[in-house]
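Each chain, letter by letter, is given below.
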Amino acid sequence: MSVRPLLVEVIFEFCLAAFLLYKYGNVFRHHIIVTIAVLIAWYFSLLTIFVLPLDVSSTVFRQCIEQNYHNESVEGIAENVTVGPFPTCREPWSYVPENVFPNLWRVVYWTSQCLTWLILPLMQSYIKAGDFTVRGKLKSALIDNAIYYGSYLFICGILLIYIALKPGMDLDGQKLKAIASSASNTWGLFLLVLLFGYALVEVPRGLWNASKPGYTLHYSYFKAAKLSLEKSDAEETVDDILESLQAASLAISPGHPFHRNLETIFQKVPAELRERMNRRQVSEEAQSDAPSEKSLIRLHRQTIKALQTLQRTETQWGLMVDKIFSLEDIAKNQASHDRRFKPTFPTIRSFPINLIHNPTVEWYWKCVFKSYFQKLAALSAAVLSVAVVWSEITFFNKSPVLSLFAQFVNAAKTKYDYFTIELLSTVIIAYLCYCAYSTILKIRVLNLYYLAPHHQTNEYSLIFSGMMMCRLTPPLCLNFLGLIHMDSHIIKTHILETHYTQVMGHMDVISIISDGFNIYFPMAILAFCLATYFSLGSRLLSMLGFQQFLGDDDLTTDFVEEGRELIKRERRKRQRAEDSMSRRREFQERFTNNTGTASRYRTTRQSTDTVRPLKRDDSTESARAGLLRDFEPTDYYVGPSVGTESYRENTRFERGYQADDMYDLSAENSRSFSTNTNRVGPPLRGLFDDI
């Protein structure tokens, strides 16, 4: 018996969750309450995913002991004699005391449920609320979450009515807890089936298509064209908001009762946008009377939403441009004879990395091995997807056992191979989670949410990701336990279940849920997978006017060409910025050399002659001005080193200096989504700063 594996898992998952939150979020700028809540949500979800296999292996050991005890009792009664002990079951290397897992799952599960159904939705709505008081924000948050609470309470209400009308049935604390768990899991299972129906086909197909640089490049051009349209719409929306704000500022004088509320709205707008608004002339038609408090609340809410959308599109645009530049470099270097990767915009790396990641290694990886690795990953994902679909439509059949995962676990049981059971369980759960979590942020309806590296994800998207992880992880784990026949209510056989299932409970009183929906609804995954494989959804959306990448129509070709032209324009912008930085470096070197020569010359004269006091024309400032005449006026720039236009756009929502972006701040490695220490606007305000 050893708690070391569990302790290692607990520490490792916390470090992983903290690292991911640091990579995608901004712990130095986001409110501490948001950071802690998202960290707990991510940590508990990852903990459930990676600790559940230990619970499975522990349950296999306990089942072995129970089976031996049962066999011993049966034979003892039959022979009316005392028999010796059966062969001792082999204890798992990760076995822990009996009370550890139940206590752990109670804390993890109920904390996650409170986060996903109460705390995180309120925080998310609180952030985008336009009210100017705590009470008003909370009221708006409750109204905004009515749809979430309504769907949850609707399911609970139906179950309560069913129990109340069922003869001989009474309610107690355990049944109420089972109703709450079942309603939450039913909601999550319904969403999981939809996500799996798309992801189990799209994940291996996406990996296979990624191994074809030409296809990926054309698809990226297509996405760039669509993203450019979204970015333009977001900029137009922000312009309209700025016009409304300017009109409101003219109507509300500093002594007006609503002037403080207006200042709260202006503090959300970055400095660059405020300056652009101040330079704009307001027409006489736009000037009006002072707006009401409700109008200011609505304008505040619209401002928050418009700025979030603009920040999202600009961040995604910068990432998309860099991705396409990399794909174009790969296409260009594939015909290289010296087998050295030559990027258009070189990146300066630190000492330990540049020894391993040299141009030769980079060429072999990007131009040769990466494609084969992606194809191998696609084939592995395809095998896993087929196994998942087959197991989902057959896992309720006990004899014969048709579920592939149940067959694998049963084979490992007979050999007491607990490590294989844990490894197999981890791989299956991890793949299911990857399919679900990577798909939820790709849904077109949820395009307000995104996860961008380099601290580019806003609070709103971080809260949404934590909320969905807490909401989908429990039903996903229960579905996995059904696939490996660890759920007695699936196989209709009394077995010793995992501690996780015991804490989650069963909906014994609701046969329509336990015997119907939870068993047969996952079979719908096959229908959704077939629809995804034949792109029925994409073709339907294309017919309705939502352009999809089909590759066989003229509109897709037009989008690809438009995206190619947009990237050419961005490349020219970045190339001009790189040339400008090169000229600045050359100027700085010449300036340094000239000042050094002048200093040595003055030192020599000071040792022999009496030196007269320098006038302004003789100072280094005068020498600097003389050197400037050798350059064009546009070549001399003393502001922050900025690489691209999209970089300057992203500095509106600048996130401050981060340690792991230090190498990105060099002039040679200016990137479109890097951060900058020179702020263009004020810091993004926290969750409660405007109260």
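Figured I'd write up the structure that's included with this text.

Basis of the calculations
- Residues numbered from 1 in each chain as written.
- Predicted model: local features only at pLDDT ≥ 70, side-chain atom pairs only at ≥ 80, totals over all residues.
- Heavy atoms only, no water.
- Helix = DSSP H or I, 4+ residues; strand = E, 2+ residues; numbered from the N terminus.
- Buried < 20%, exposed > 50% of the residue type's maximum accessible area, 1.4 Å probe, protein only.
- Areas by Shrake-Rupley, 256 points an atom, 1.4 Å probe, with all protein chains shown as cover.
- Core = buried A, V, L, I, M, F, W, Y, C linked by side-chain atoms within 4.5 Å.
- Contact = heavy atoms within 4.5 Å.
- Disulfide = S-S within 2.5 Å.
- Phe/Tyr/Trp six-rings, centres within 6.5 Å; stacked < 30°, edge-to-face > 60°.
- Salt bridge = Lys/Arg side-chain N within 4 Å of Asp/Glu carboxyl O.
- Axes fitted to C-alpha atoms, helices over the stretch in contact; angles between N-to-C directions.
- Left-handed = near helix turned anticlockwise from the far one by under 90°.
- Nonpolar A, V, L, I, M, F, W, Y, C, P; charged D, E, K, R; others polar.
- Patch = residues over 30% accessible without salt bridge, like charges linked within 9 Å, V, L, I, M, F, W, Y side chains within 5 Å.

Comments concerning the overall build of the chain
Summing up its helical and strand segments, the chain has 23 helices and zero strands in all. Taking all 691 residues of the chain together, the buried fraction comes to 45%. Carbon together with sulfur atoms contributes 61% to the accessible area of the chain, which is approximately 35,200 Å² in total.

Brief notes about the nonpolar core
Here is a general trend for soluble globular proteins: nonpolar side chains tend to be buried in one another's company. One finds Phe196, Leu200 and Leu481 to be the most contacted residues of the largest nonpolar core, which totals 90 residues. Broken down by element, the residue count for this core peaks at 18 residues, all from helix α2 (residues 32-79). Aside from chain neighbours lying at most four places away, what touches Phe196 is Leu432, Cys435, Ala436, Leu476, Ile525 and Cys529. Residues Ile252, Ile265, Ile297 and Leu307 belong to the second largest nonpolar core, which totals 20 residues.

Side note on the state of the cysteines
In this structure the tally under the stated criterion is one disulfide. Between the sulfur of Cys64 and that of Cys89 lies a disulfide, 1.8 Å long from S to S. Because the sign of the S-S torsion sets the handedness, a value of about -80° for the bond joining Cys64 and Cys89 places this disulfide among the left-handed ones. With Cys64 in helix α2 and Cys89 in the loop between α2 and α3 (100-128), the pair connects residues that are 25 residues apart, well separated along the chain. Relative accessible area serves as the criterion here: at 14%, Cys64 is assigned to the buried category. Judged by relative accessible area, Cys89 falls into the buried class, the value being 8%. We note that Cys477 lacks a disulfide partner, and the nearest cysteine sulfur, in Cys433, lies 6.1 Å from it.

Notes on the packing of aromatic side chains
Enumeration according to the criterion identifies 19 aromatic pairs in this entry. Relative to Phe345, the ring of Phe325 has its centre 5.5 Å away and its plane inclined at 45°; by these criteria the two rings are tilted. Of this pair, Phe325 sits in helix α10 (residues 293-333) while Phe345 sits in the loop between α10 and α11 (351-356), and the two are 20 residues apart along the sequence. In this structure, Phe325 and Phe345 share a single accessibility class: buried.

Notes on the pattern of salt bridges
With the rule as written, the count across this model stands at 12 salt bridges. Among the salt bridges present, the one from Glu202 reaches Arg205, with a minimum N-O distance of 3.0 Å. Note that Glu202 and Arg205 are positioned in helix α6 (residues 173-210) at a spacing of three residues, about one turn of the helix. One salt bridge in this structure joins Arg574 and Asp322, with 2.8 Å as the shortest N-O distance. One end of the pair, Arg574, is in helix α21 (residues 554-608); the other, Asp322, is in helix α10, and 252 residues separate them in sequence. Of the two residues, Arg574 and Asp322, both sit in the buried class.

Quick word on the packing of helix α7 (residues 213-251) against helix α9 (residues 271-278)
What describes two packed helices is the angle between their axes and the distance between those same axes. In contact at an axis separation of 10 Å, α7 and α9 are set at 60° when each is read in the N-to-C sense. The element α7 and its partner α9 pack so that their crossing is right-handed. Contacts between α7 and α9 involve Val238, Asp239, Leu242, Leu245 and Gln246 on the former and, on the latter, Leu273, Arg276, Met277 and Asn278. For the contact of α7 with α9, the per-class residue count stands at five nonpolar, two polar and two charged.

Structural notes on the environment of Phe101
Mapped onto the fold, Phe101 is located in helix α3. Note on Phe101: relative accessible area 1%, which makes it buried. C-alpha separation for the pair Phe101 and His499, spaced 398 residues apart in sequence, amounts to 6.2 Å. In this structure Phe101 touches Leu6, Val51, Leu54, Asp55, Ser58, Val96 and His499, once residues within four positions along its chain are discounted.

Some remarks on the environment of Pro474
Among the secondary structure elements, Pro474 is positioned in helix α15 (residues 459-483). Placed 293 residues apart in sequence, Pro474 and Ser181 show a C-alpha to C-alpha distance of 9.4 Å.

Points about a nonpolar patch on the surface
Together, Leu526, Leu530, Tyr533, Phe534 and Leu536 line one region of the surface with nonpolar side chains, adding up to about 530 Å² of accessible area. No other element matches helix α19 (residues 524-533), which puts three residues into the nonpolar patch. Within the element layout of this structure, Leu536 appears in helix α20 (residues 536-543).

What about unusual backbone geometry?
At the junction of Ser399 and Pro400, the peptide bond is cis and its omega measures out at -5° in the coordinates. Relative to the assigned elements, Pro400 resides in the loop between α12 (359-394) and α13 (404-414). Of note in the backbone geometry, His454 takes a positive phi value of approximately 60° without being a glycine. Here His454 is to be found in the loop between α14 (418-440) and α15.

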